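Chains, contacts and geometry: an overview
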Amino acid sequence: MEKVMGMFSEELREMDRNTVQYMIDEMQATIDAQSAALEEEKKRREEEKKKYEEEMQELIAAQTAALDKAMKRIEELERKNGSESAK
């Protein structure tokens, strides 16, 4: 009887080890999936940031061009006004 109980106990220990290993494998799979999802999110955010920065550069360039045009117009008007007042 003792021998049978010993064999039964050993089988239970083996089942416990297998269960623990299974749980570890499941946790690792979850960690791997979450890590992959985070990496994808990071890439998506980096792409959005790059697109936003490009749009900001385009906007700045457009505003700079508009400002330059306005400054030239102001200079023209000041020259025209200055030449008219000199008459």
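Summarised in this report is the structure supplied together with it. (Residues numbered from 1 in each chain as written. Predicted model: local features only at pLDDT ≥ 70, side-chain atom pairs only at ≥ 80, totals over all residues. Heavy atoms only, no water.)

Description of the overall build of the protein
The helix and strand inventory of the protein stands at 1 helix and 0 strands. The C-alpha radius of gyration computed for the protein amounts to 37 Å, which surpasses the reference 12 Å derived for 87 residues by more than 25%, pointing to a less compact arrangement than a globule. Projected onto its principal axes, the C-alpha positions of the protein cover 130 × 15 × 5 Å. Here the protein holds 87 residues, and 0% of them are scored as buried. In the structure as shown, the protein presents an accessible area of about 8500 Å², 58% of it carried by carbon and sulfur atoms. Mean positive and mean negative side-chain charge positions of the protein (16 and 23 charges, respectively) differ by 11 Å. (Helix = DSSP H or I, 4+ residues; strand = E, 2+ residues; numbered from the N terminus. Rg over C-alpha atoms; globule rule 2.2 N^0.38 Å. Buried < 20%, exposed > 50% of the residue type's maximum accessible area, 1.4 Å probe, protein only. Areas by Shrake-Rupley, 256 points an atom, 1.4 Å probe, with all protein chains shown as cover. Lys, Arg positive; Asp, Glu negative; His and termini not counted. Charge placed at Lys NZ, Arg CZ, Asp CG, Glu CD.)

Some thoughts on the pattern of salt bridges
Applying the stated criterion across every chain, the model contains 7 salt bridges. For the salt bridge of R44 with E41, the shortest nitrogen-to-oxygen distance reads 2.5 Å. Of this pair, R44 and E41 are both found in helix α1 (residues 2-86), 3 residues apart, which corresponds to roughly one turn of the helix. We note a salt bridge from E48 to R44, for which the minimum N-O separation is 2.3 Å. Here R44 and E48 lie together in helix α1, a separation of 4 residues that amounts to about one turn. The exposure class assigned to E48 is partly exposed, which follows from its relative accessible area of 43%. Accessibility expressed as a relative area gives 36% for R44, which makes it partly exposed. Here the salt bridges share partners, and the residues they tie into one network are E10, R13, E14 and R17. (Salt bridge = Lys/Arg side-chain N within 4 Å of Asp/Glu carboxyl O.)

Observations regarding a nonpolar patch on the surface
On the surface, Y22, M23, M27 and I31 cluster together into a nonpolar patch covering about 440 Å² of accessible area. Tracing the backbone through its elements, the reader meets Y22 in helix α1. (Patch = residues over 30% accessible without salt bridge, like charges linked within 9 Å, V, L, I, M, F, W, Y side chains within 5 Å.)

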